[in-house]
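Now for the letters of each chain:
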Amino acid sequence: MKASKLLIALSILYSTLLFSEEPLEGFISENKNEQFRYDYEKNEAESSKLRDSWIAPLNLNYNYSKSNPYSQQQTSKNASIKMDQPIFQSGGIYYGIKFAQASKIYSDYSVDVAKRKLVKDAVSLLMQIKQIDLKISKQKLQIENSEINLAQKREDYLNGQLDSGFLDSAIIDRNIVIQALYDLQTNKERLISKFNAISDLKHEEAFVPTLKLLTQEQFLQNNIVLGMSEGEIVRNRYAQDVRVAKYLPKVNLTAGYNWDKSDTQYQFGANEKDYYNIGFKVTLPIDINSFRDVESAKIDYFKSQLVAEDRKRELVAIFEQVMQNIDNFEKKKQLSVENRDIYERLLEDTNDLFTAGYKTKYDVELLQNSVEIQKSDVEIYEIDKQLELLTLYEMYKDD
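Residues numbered from 1 in each chain as written. Predicted model: local features only at pLDDT ≥ 70, side-chain atom pairs only at ≥ 80, totals over all residues. Heavy atoms only, no water.

**Quick word on the side chain of Glu 232**
- Along the polypeptide, Glu 232 turns up in helix α6 (residues 224–245).
- For Glu 232, a relative accessible area of 19% corresponds to the buried category.
- Ignoring any residue separated from it by four or fewer positions in sequence, one finds Glu 232 in contact with Tyr 106 and Ser 304. (Helix = DSSP H or I, 4+ residues; strand = E, 2+ residues; numbered from the N terminus. Buried < 20%, exposed > 50% of the residue type's maximum accessible area, 1.4 Å probe, protein only. Contact = heavy atoms within 4.5 Å.)

Here it is in structure tokens:
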């Protein structure tokens, strides 16, 4: 009864999961969505086949032969319909149906985990593209600062206030930040290429979802990886019952209808007859390996329980690590906010000094760029937090 209730609960959770996943399908290409639909349809077909496997086939036979022994022409015809249908298997039929249902839920979870992984990859790539755009803008500001620094060093060198070593260093610094920009642009194209391989969306127009913080309780209660593990427990539980029933008494209903017709060259009229038979048979297999077979099924069941507990522990560790990473990014973000505020105050004071003739235009531009760089850092760290949350949402289903 407990396993049956859990099976029903898993069915409800899985239906909810499909409903909540509907908007996410847009992030991956129609071709890949179609592949996943085929996977679900195959699971349905395999489950139906397994569910009805206890129904025995009707065997239809027809024979026709012709011969001429002793120079006499003879023909014979025979047709039959035979049935050997199990009607009682010591619970094996019931548990077999339950096993088929549990297998479908487990298989659907397996497909859904793969689908979520692909959706997560698509959203992650979108976030990274958005983030790298911010990094490119930030890098351009750093290039502007390096050019301002180079211009200042050039003026100081020409005025005899610096030696050539400082000028060479400023040129090298400028080249480094320009090369870093080229690397960022190359990485962006690489990300776009990966995104285009799994999605039909245009990255410039695609909506990037904003993910909210989850509690550990929410993450574990609505976790498809745990759902799959629990589905495996239920499946193995019914598999154990099916295995036990295989070695218990079984009753089959047997029935058949036969028709025979034969004639020879010298026979007047054909010899034709038909008859039927109906009955039942009881079988009790005695197998030396029955105990080992059942014990093997029990081991699978007990192991799946331990695997589920172990997986839950791993998920707790993942959640705690993600929360720690998010906390670190939040600290970095707050530091950038503080730096931005400092630069903004300095910029305000420098503007006043520039107006009074005590500071140069270079000083103002350097501080303006520094303010914008800190603003970019704030957004970059916020996307880092979203990427961390995406690790959780890959396994999370919203009821």
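Back to the text.
**Overview of the pattern of salt bridges**
- Taken as a whole and judged by the stated rule, the model has 23 salt bridges.
- Of the charged contacts, one joins Glu 46 and Lys 49 as a salt bridge, the two residues approaching to 3.3 Å between their closest N and O atoms. You can see Glu 46 and its partner Lys 49 sitting in helix α2 (residues 30–51), three residues apart, about one turn around the helix.
- Residue class for Glu 46 comes out partly exposed when judged on its relative accessible area of 38%.
- The closest approach of N and O atoms between Arg 237 and Asp 241, which form a salt bridge, is 2.6 Å. Here Arg 237 pairs with Asp 241, and both are found in helix α6, just four residues apart, close to one helical turn.
- When its relative accessible area of 28% is taken as the criterion, Arg 237 is described as partly exposed.
- The class for Asp 241 is buried, based on a relative accessible area of 13%. (Salt bridge = Lys/Arg side-chain N within 4 Å of Asp/Glu carboxyl O.)

**A word on helix α3 (residues 92–158)**
- Taking 1.5 Å per residue, 67 residues should reach 99 Å; α3 reaches 96 Å between its end C-alpha atoms and fits that length.
- Of the residues one or two after α3, Gly 160 is the one with positive phi, at around 80°. (Expected span 1.5 Å × (residues − 1).)

**Observations concerning unusual backbone geometry**
- Although it is not a glycine, Ser 90 sits at a positive phi angle of roughly 55°.
- Residue placement: Ser 90 occurs in the loop between β2 (74–88) and α3.

**A look at the nonpolar core**
- If you look at the biggest cluster of nonpolar residues, it comprises 45 residues, and the most contacted ones within it are Met 127, Phe 219, Leu 315 and Leu 392.
- Secondary-structure elements contributing two or more residues to this core are α2, α3, α4 (164–198), α5 (216–221), α6, α7 (290–356) and α8 (361–393).
- At 13 residues, the largest contribution of residues to this core is made by α3.
- Look past the residues within four positions of Phe 219 in its chain and what remains in contact with it is Leu 315, Phe 319, Leu 392, Met 395 and Tyr 396.
- In terms of nonpolar packing, the next biggest core, distinct from the first, is built from five residues, Ile 105, Tyr 106, Tyr 109 and Ile 224 among them. (Core = buried A, V, L, I, M, F, W, Y, C linked by side-chain atoms within 4.5 Å.)

**Overview of the packing of aromatic side chains**
- Under the defined criterion, the tally for this structure stands at six aromatic pairs.
- Considering the side-chain rings of Tyr 94 and Tyr 95, the 5.2 Å spacing of their centres and the 70° angle between planes classify their relative orientation as edge-to-face.
- For Tyr 95, a relative accessible area of 28% corresponds to the partly exposed category.
- Following the ring pairs from residue to residue traces out a cluster consisting of Tyr 94, Tyr 95 and Tyr 238. (Phe/Tyr/Trp six-rings, centres within 6.5 Å; stacked < 30°, edge-to-face > 60°.)

**Focus on the environment of Phe 36**
- You can see Phe 36 is positioned in helix α2.
- When its relative accessible area of 10% is taken as the criterion, Phe 36 is described as buried.
- Residues Phe 36 and Arg 340 lie 304 residues apart in sequence; the distance between their C-alpha atoms is 47 Å.
- Apart from the residues within four sequence positions on either side, Phe 36 is in contact with Ile 28, Val 111, Ala 114, Lys 115 and Leu 118.

**Details of the confidence of the model for the protein chain**
- Residues at a pLDDT of 70 or more form 91% of the protein chain, whose mean pLDDT is 88.
- Here residues 7–22 scores under 50 on pLDDT; set against residues more than four positions off or in separate chains, the count is 33 contacts. (pLDDT = per-residue confidence, 0-100.)

**Structural notes on the environment of Ser 169**
- Tracing the backbone shows Ser 169 in helix α4.
- You can call Ser 169 partly exposed: its relative accessible area is 35%.
- In sequence terms Ser 169 and Leu 150 are 19 residues apart; their C-alpha atoms lie 8.9 Å from each other.

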